[in-house]
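Structural overview for review
Residue strings, one per chain:
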Amino acid sequence: MELETVDEAVEARRDDLTDLARDVWEHPQTAFEETYAADRLIGVLAERGFDVEVGVGDVETGFVARYGDGDPVVGTMGEFDALPGLSQEASATKKPIEEGGNGHGCGHNLFGVGSLGAALAVADAIDGGVEGSVVYVGTPAEEAGSGKVYMARGGAFDDIDAMVSWHPGWYNAPTKGSCLAVDSYEVTVHGESSHAAASPEAGRSALDGLQLLNTAVEYMREHVPDPVRLHYVITEGGDAANVVPPEATGEYLVRAPSRDLVEEVSAWFSRAAEGAALMADVDVEVTKTSGVYGVRPNETLGDAVRETMDELGSFSVDDPLADELSDALRDTSDQIAVLPEEHRDRAAENAYFTEPIDALDAGTTGSYSTDSGDVSQIVPLGRMTTATWPAGTPLHSWQAVAASGSTGTEGMLYASKAIGGTLLRLLTDRDLLAEVVAEFEDRGGKEGYEPAMPEDADPYELLGVDRPDFEPTADAEPEATAGTADDD
Ligand SMILES: [Zn+2]
């Protein structure tokens with residue numbers, strides 16, 4: 001049975017994968033700057049004989065690693081960016097390693113390495129005679145910057161027949177729902193400075209322009225379809241009250257279940273910005289800083305993931321730190337209430353809840369957004385979450401950082417097996433793959449996909465980070481690394 005092969009392949013690398021996840025955790029880098037993690041992941045893939053293309057879609061730390069040359073082609077992807085300000089020790093007391101430093105509060109150190117474990121296991125199966133290829137797509141900048149959109153623009157997902165991915169969490173289940181598409185905008189208003197009391201008539205307030213736009217957004221809320229979400233913040237509103245502000249900037253988000261609706265509301269928003277500029281007699285610039293699709297679900301893949309999890313069963317986390325981390329959480333009853341009644345006691349009584357369960361979001365549209373949405377418009381995408389953190393742990397919390405650097409690796413290895421097992425089934429069961437593809441086509445196929453960002457959009461410029469000078473170590477000595485792979 002395929003799953004046994006995958007199980008063995010992951011267990012054989014248990015220590016290496018665990019150490020690598022910890023190493024990435026110890027080197028947290030934020031969106032588009034994740035050179036350390038990218039280098040380590042590329043190193044392992046290259047050594048195992050994957051063909052690695054780096055810098056895909058104008059993203060320096062983005063890469064596509066391929067093993068095998070036959071059909072079908074299955075794939076997985078790995079995120080590895082950290083969050084700013086979430087530095088935290090791997091302990092049950094809130095304590096940053098570096099005050100104000102980065103931390104893996106979304107567990108992307110586990111994400112990247114867990115998917116890697118799956119890709120390596122499938123590569124082993126291909127060596128063992130299974131027909132097909134496996135692709136690992138290294139996808140930077142999920143927390144900010146929407147890296148996958150640019151990688152999609154660069155064709156990173158084009159020739160993959162089906163993908164399975166995951167996200168760290170606190171229970172084991174497929175993810176079957178959709179989520180909201182989103183556009184982000186930066187609005188810059190240019191006015192004219194003057195003394196606010198002595199010569200106000202000589203000035204034009206950029207802040208007035210922005211406030212009038214915000215007022216328009218408040219009125220828009222009443223007349224957009226219910227699932228639409230509009231948010232804004234003022235990022236620059238002037239320096240002193242006695243100076244008419246010559247410059248003001250704000251950030252805006254427009255979310256809706258479909259791209260079409262996002263674009264319709266965004267067009268209204270842009271007209272409102274023009275109107276606000278007219279009223280305040282100022283100039284306005286609206287820059288789109290990102291645009292992503294909602295997730296297109298694939299229920300067939302969700303079911304396949306669920307079956308793999310059933311075969312895997314549950315797992316245990318044998319570490320006293322698990323209980324301490326669980327105790328360090330605030331009241332988790334609201335979080336645990338998302339589970340069906342029959343699982344709540346077990347989740348509340350144990351630090352980790354590792355019984356596989358059905359998808360909690362089938363048929364729903366979550367109010368979050370992710371750049372995985374774009375991937376799901378190009379290739380059938382199966383998604384899941386596994387229990388890397390104690391039950392009820394919120395994303396982006398210090399407890400999530402602590403668990404991602406310690407007790408979380410057991411759930412990560414479980415993800416490697418669940419993804420690897422499902423991918424291997426897709427390679428060996430052509431009827432299942434055909435069914436997955438048929439559902440994808442039924443839901444619209446990839447023909448209608450157009451990246452929501454223009455061809456010339458520069459991800460680095462839009463996010464305001466310097467393009468890293470990234471040269472992976474593995475590429476420097478390709479022969480030497482290939483030689484070590486043979487010795488394994
Ligand atoms: Zn995340």
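Residues numbered from 1 in each chain as written. Predicted model: local features only at pLDDT ≥ 70, side-chain atom pairs only at ≥ 80, totals over all residues. Heavy atoms only, no water.

- An unreviewed UniProt entry lists the protein chain under the name Aminobenzoyl-glutamate utilization protein B, with Halorubrum aquaticum as the source organism.

**Section: the pairing of strand β3 (residues 73-78)**
- Buried residues dominate β3, accounting for six of its six residues.
- Of the two faces of β3, the one carrying Val73, Gly75 and Met77 and the one carrying Val74, Thr76 and Gly78 are both buried.
- Here six bridges tie β3 to strand β4 (residues 133-138), and the two strands are oriented parallel to one another. Counterpart to valine 73 in the pairing with β4 is serine 133. (Buried < 20%, exposed > 50% of the residue type's maximum accessible area, 1.4 Å probe, protein only. Helix = DSSP H or I, 4+ residues; strand = E, 2+ residues; numbered from the N terminus. Pairing = 2+ DSSP bridges.)

**Digging into the domain arrangement of the protein chain**
- You can read the domains of the protein chain as domain 1 (2-178 + 294-487) and domain 2 (181-289).
- On a C-alpha basis, the centroid separation for the pair domain 1 and domain 2 is 37 Å.
- Both faces considered, domain 1 and domain 2 share a buried interface measuring about 680 Å² in area, 58% of it formed by carbon and sulfur atoms.
- Area buried by domain 1 at its contact with domain 2 is led by Ser369, Ala452 and Leu462, which between them contribute 53% of it.
- Applying the counting criterion to the domain 1 and domain 2 interface returns zero salt bridges. (Domains from an automatic or database assignment. Buried area = accessible area lost by both parts, 1.4 Å probe. Salt bridge = Lys/Arg side-chain N within 4 Å of Asp/Glu carboxyl O.)

**Focus on the sheet that holds β4**
- With mixed pairing, seven strands are arranged side by side in an open sheet as β1-β2-β4-β3-β5-β13-β6. Since the sheet does not close on itself, it has two edges, and those belong to β1 (51-54) and β6 (173-175), each with one partner. Strand-to-strand twist across the sheet, computed as the mean angle between neighbouring axes with direction ignored, equals 25°.
- Relative to strand β13 (residues 381-387), strand β5 (residues 162-169) is paired through seven bridges, and the arrangement is parallel. Paired with valine 164 across the strands is glycine 382, a residue of β13.
- Its contacts with the sheet put helix α8 (residues 299-312) on β5, β6 and β13, and the angle it makes with β13 is roughly 35°.
- Set on the sheet, helix α14 (residues 409-428) makes contact with β3, β4, β5 and β13; between it and β5 the angle comes to about 165°. (Axes fitted to C-alpha atoms, helices over the stretch in contact; angles between N-to-C directions. Contact = heavy atoms within 4.5 Å.)

**Here we look at the coordination of the zinc ion**
- Of the protein atoms, only Cys106 (SG), His108 (NE2) and His167 (NE2) coordinate the zinc ion, at distances of 2.1 to 2.2 Å.
- In the primary sequence, the donor residues of the zinc ion line up as C-x1-H-x58-H. The residues cysteine 106 and histidine 108 share a single accessibility class, namely buried. (Donors = N, O, S within 2.8 Å, 3.2 Å for Na, K, Ca; no water.)

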